[in-house]
Every structure is written in structure tokens, then in C-alpha cells.
Amino acid sequence: HDVQVQRRKEDLEWLRQLVDSIARSEIAHIVAHRGFHSPMDRSDVRPLENSLAAYETVWSNGIHLCECDIALTKDEKLILAHDEDFQRLALHPLAEHSSLKVGDLTYRQLI
């Protein structure tokens, strides 16, 4: 647990230093792609992509624009999802439900 906390602290310090190194006039043009998340899809290191935590992390560190991916569920609800399915982000990627397409699932099934 202490290792994860230290890693998270180091990541946040890195983000703050990065933002501080960018000219103020340029900050308004920077867009955080899916927020501040792990490029290796590890939610134990950084927040999950397209999550409120990922967006709040960049917002609180001075970046105000975020890009998100929107998908439509079977019952026509909008959700934030980058991929057609959740296989890449699933706790059990080989589980049958993780490979189902977002558009084939209702909002209730996703929750």
C-alpha cells in the first residue's frame, strides 16, 4: 500500500512539474486525452481513463480541457467509453461479458 501511495505522489508531482514548465499562454491549448490515466491501463497506478477522478486530477493541476470518448448504449444512454467493448479495461478480460459491444448492452447492464 505504501508503495502505491508513493507512486501516486510521484506521478502527481510529475504532472504538476510538467504543467508548471509550460508557458501560461499555452496551457489554454492543452487537452488531456481521457484525463490523467495510466497509459498501460493500470487503475492501481492512476485513475481509470474517462473517469471523473482522471479529469479532476488534470483540472486540479491546471489543465482545463479534457477529451473524452462517448458511446451510445442499446437503450440510447450516453456513456464515456473509448473502446467498442470493455475487454481492455475489464477485471477479467476473458469473461464473456467483457467482449460484448457497448452498443449491444443497456445502461443497466453496464452498471
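A. Region of the structure containing the packing of aromatic side chains. All told, the structure shown has 2 aromatic pairs when counted by the stated rule. Look at Trp14 and Phe36: their rings are 6.3 Å apart centre to centre, the planes differ by 25 degrees, and that puts the pair in the stacked class. Linking Trp14 in helix H1 (residues 2-20) with Phe36 in the loop between strand S1 (31-33) and helix H3 (52-59), this pair joins segments that are 22 residues apart in sequence. Accessibility expressed as a relative area gives 44% for Trp14, which makes it partly exposed. Taking relative accessible area as the criterion, Phe36 reaches 5% and is therefore assigned buried. Taken together, a centroid distance of 5.9 Å and an interplanar angle of 25 degrees make the contact between Tyr55 and Trp59 stacked. Placement of the pair is Tyr55 and Trp59 together in helix H3, with a separation of 4 residues, close to one helical turn. Judged by relative accessible area, Tyr55 falls into the buried class, the value being 7%.

B. Quick peek at a nonpolar patch on the surface. A contiguous nonpolar surface patch, about 410 Å² in accessible area, is contributed by Ile70, Leu72, Leu78 and Leu80. Among the secondary structure elements, those contributing two or more residues to the nonpolar patch are strand S3 (70-72) and strand S4 (78-80). Inspection of the secondary structure assignment puts Leu80 in strand S4. Residue Leu80 is classed as partly exposed on the basis of its relative accessible area, which comes to 40%.

So, how was this worked out
Residues numbered from 1 in each chain as written. Predicted model: local features only at pLDDT ≥ 70, side-chain atom pairs only at ≥ 80, totals over all residues. Heavy atoms only, no water. Phe/Tyr/Trp six-rings, centres within 6.5 Å; stacked < 30°, edge-to-face > 60°. Helix = DSSP H or I, 4+ residues; strand = E, 2+ residues; numbered from the N terminus. Buried < 20%, exposed > 50% of the residue type's maximum accessible area, 1.4 Å probe, protein only. Patch = residues over 30% accessible without salt bridge, like charges linked within 9 Å, V, L, I, M, F, W, Y side chains within 5 Å. Areas by Shrake-Rupley, 256 points an atom, 1.4 Å probe, with all protein chains shown as cover. Salt bridge = Lys/Arg side-chain N within 4 Å of Asp/Glu carboxyl O.

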